[in-house]
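# Summary of structural features
The lines below spell out each chain.
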Amino acid sequence: SPTPEPKVKVRSKDGRDRPDPTCVSAPKPKATVPYWHAAVALNDFDGDQAADLALFRTDTATWHVRYAAPGEDAIVSWRKQEGTDIPVPGDYDGDGKADFATWRPSNGTWYIRSSTGKDRVIPLGDHGDFPAPADYDGDGITDLALFEAHDGGWIVRPSSGGQVSLPDEPFGDSVHGDIPVPGDYDGDGKDDVAYYRSSTGDWNVWLSTSGPVDVRWGDPEDGPHPVPGDYDGDGRFDYAVWDAHGSVWKIKPSNGDDSYEVEWGDRSLADHPVAGDYTRDGTSDFTVWRETEGEWRVKPADGTRVRVTAWGKTGDTPL
């Protein structure tokens, strides 16, 4: 029989719960991915302004994409991929569509297959680095970037050419469990260098407009997963974590509005939080991929009906 969906509530800053009338019972539908995949547009492979349901299957080194358009699926593989590669999708050619891309830790090389079918192989990085691609110069094209955890350096190769350090001083390290979470936190159209310190729950962001800021959001004892995204549609990334113990999304808007919580998902069923705009409304949706049943559960931020879609199998990496 279907596993009952946990009751969903929305919790305001004052701690009071109110039922969420949009929650509906639905038939059923882990892997670790870099958290910068929370960006709204990184997984729009067909250019329709909606994130697509996407998985990387490590045992076959293949991409499995279910497009937002009904009935359309894609399975993509090419000889340059390996199961140990880290998926790093993004719009690397500026055509409005995400490209299939991986970064290989063993040799520090980026392998990119554009939406037009052209392959690119670019050496950048070393073993132990963290890939952190984003649009750091605001030209609408994803830039290659790495967080060098051993010394806190950020290396960015802009789409226009050259190579720069952002910022020009160490920013983060591996000792404290820092995780790169770049995004546009100040709304200026450029993604900002940022990391989440898992040992303290601190978000450290180097705003392109004003420099460094430190925001504490997330209790390390709760085993939080950072899931930054634009949950209120104001064009700025918000600070957000998924509390793995309570299966609660905790959102702190970057514009200073009251923080709030949304119960969604179930850790005991091997849910994995994935943030993205799957409904094409300009906001990140509360989404989990249920590995035990290979299903995506999308709770739109605009309060519309919950969506459940079967896509994937145990061992896949949701993007």
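These lines cover the structure that appears in this document, whether it is placed above or below.

Cut-offs used in this document
Numbering of residues starts from 1 in every chain and runs along the sequence as written. Restriction of local features to residues with pLDDT of at least 70 applies here, the model being predicted, together with a cutoff of 80 or more for giving and counting side-chain atom pairs; totals for whole chains, interfaces and linings are based on all residues. By convention in this description, side-chain values take in all heavy atoms of the structure and omit both hydrogens and water. A side-chain nitrogen of Lys or Arg and a carboxyl oxygen of Asp or Glu constitute a salt bridge if their distance falls within 4 Å. Elements are defined by DSSP. Helices are runs of H or I of four residues or more, strands are runs of E of two residues or more, and each kind is numbered from the N terminus. By this definition, two strands are paired if DSSP reports at least two bridges between them. Accessibility here uses a 1.4 Å probe with only protein chains present; expressed as a share of the type maximum, an area under 20% marks a residue as buried, one over 50% as exposed, and anything in between as partly exposed.

### Thoughts on the pattern of salt bridges
The full count for this structure, using the stated rule, is 15 salt bridges. Residue Asp271 pairs with Arg290 through a salt bridge whose shortest N-O separation is 2.7 Å. Within this pair, whereas Asp271 is found in strand E22 (residues 271–273), its partner Arg290 is found in strand E23 (residues 286–290), the two being separated by 19 residues in sequence. A network of salt bridges, in which partner residues are shared, links Glu82, Asp85 and Arg104.

### Digging into the sheet that holds strand E8 (residues 109–113)
One open sheet holds the four strands; their spatial order is E6-E7-E8-E9, and the pairing between them is antiparallel. The strands lining the two open edges of the sheet, one partner per strand, are strand E6 (86–87) and strand E9 (119–123). In terms of strand pairing, E8 meets E9 through five bridges, oriented antiparallel. Bridge pairing in E9 places Ile112 opposite Arg120.

### Details of the sheet that holds strand E13 (residues 164–165)
The four strands lie next to each other as E10-E11-E12-E13, forming an open sheet whose pairing is antiparallel. Each of the sheet's edge strands pairs with one partner strand only, and the pair in question is strand E10 (130–131) and E13. Bridge analysis of E10 against strand E11 (residues 144–148) gives two bridges, and the strand direction is antiparallel. Considered in E11, the bridge of Pro131 is made with Leu146.

### Re the pairing of E8
Successive side chains on a regular strand alternate, one facing one side of the sheet and the next facing the other. Within E8, four of the five residues are buried, which leaves it mostly tucked inside the rest of the structure. Alignment of strand E7 (residues 100–104) against E8, held across five bridges, turns out to be antiparallel. Across the sheet, residue Thr102 finds its bridge partner in E8, namely Tyr111. Between E7 and E8, which pair antiparallel in sequence order, lie four residues; one of them, Gly108, sits at a positive phi of approximately 60 degrees.

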